[in-house]
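One letter stands for each residue in the lines below.
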Amino acid sequence: MSNLNNLSEKEQMAAVKRNAFSIEHIDKPSEAIQLAAVKQNSFSIEHITKPSEAVQLAAVSKYGYAIRRIVKPSEDVQLAAVSEDSYAIRYIVKPSEAVQLAAVRGDGYAIQFITKPSEAIQVAAVSENGTAIQCIGKPSEAVQLAAVSKDGEAIQFIDKPSEDVQLAAVKRNAFSIEHIDKPSEAVQLAAVSKNGEAIRHIDKPSLEVIKTALQQDKACLIHIRNFEKIALIALGDL
């Protein structure tokens, strides 16, 4: 494309609206031209020398990943970028806690792009998406509890969860007991109290667990294989 410097601003504006990258052929484009270009294609910002913060904000607000073309973006620009796309944080060097928080609140899995996130960031991430805990190395019990409280199925990504974490998981989703190795009777009771059908995932349930499950839903009888216990229950109050 030939040099566009001899064109009027109106003609330059028309040119960048047709093809944002034509701004490369304009020396010292006005801010209005720059804004028009990045609104047409955010990545055209790479052809703008020292874009103002307003131009940077316009670019990342349209497409967060455009931040990779910006040198030393301000925190406001970073926040705008991760607000448009949480994963844009992967292109931010040493994001502040505020930027990290905005990113994981938008998508918990953005934590995978954060180096050594604080516990507060971890909690925020799993509170947005419980299964994002699989992206966290050695999460604290507080983080584990936040994760399973959001999504009981997150327990499958936790190594040797405590009974408190197990209880929180089954209270959120009774069927998450499927992912718990040798759950205690207390955990089993919590699960079947939530949903009697959860007994299908319990090996050799106690009489108390069976009774509790049947109190919730007698149809779950089909999942119980210990007929001796069933006979005892039948003689009871059910």
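Overview of the structure. (Residues numbered from 1 in each chain as written. Predicted model: local features only at pLDDT ≥ 70, side-chain atom pairs only at ≥ 80, totals over all residues. Heavy atoms only, no water.)

Moving on, we come to the packing of aromatic side chains. Counted under the stated rule, the structure contains four aromatic pairs. Aromatic pair Y63 and Y65: ring centres 5.8 Å apart, planes at 40°, arrangement tilted. A network of ring pairs unites the aromatic residues F43, Y63, Y65 and Y91 as a single cluster. (Phe/Tyr/Trp six-rings, centres within 6.5 Å; stacked < 30°, edge-to-face > 60°.)

A word on the nonpolar core. In this structure, V60, I89, V104, V148 and I199 are the most contacted members of the largest nonpolar core, which totals 69 residues. For this core, the element with the most residues is helix α8 (residues 163–172), which contributes five residues. Every residue in contact with V104, bar those within four places of it in the chain, is listed here: A110, I111, I114, I121, A124, A125 and E128. (Core = buried A, V, L, I, M, F, W, Y, C linked by side-chain atoms within 4.5 Å. Buried < 20%, exposed > 50% of the residue type's maximum accessible area, 1.4 Å probe, protein only. Helix = DSSP H or I, 4+ residues; strand = E, 2+ residues; numbered from the N terminus. Contact = heavy atoms within 4.5 Å.)

Our next topic: helix α1 (residues 9–18). Taken as a whole, α1 has its buried residues at Q12, M13, A15 and V16. Viewed along the axis of α1, the buried residues span an arc of 160°, placing them on a single side of the element. Away from the buried face of α1 by more than 90 degrees, exposed residues K10, K17 and R18 are located. (Arc of directions from axis to C-beta.)

On to helix α5 (residues 97–106). Every α-helix carries 3.6 residues per turn, so stepping three or four residues along brings you back to the same face. Of all the residues in α5, the buried ones are V99, Q100, A103 and V104. Each buried residue of α5 sits inside an arc of 125° when the element is viewed along its axis, so together they form one side. Against α4 (75–84) and α6 (119–128) lie the buried residues of α5.

Bringing the pattern of salt bridges into the picture now. On inspection of all chains with the given rule, the structure shows one salt bridge. Across the pair E197 and R200 runs a salt bridge, and its minimum N-O distance is 2.7 Å. Under the relative-accessibility criterion, R200 is labelled partly exposed at 43%. (Salt bridge = Lys/Arg side-chain N within 4 Å of Asp/Glu carboxyl O.)

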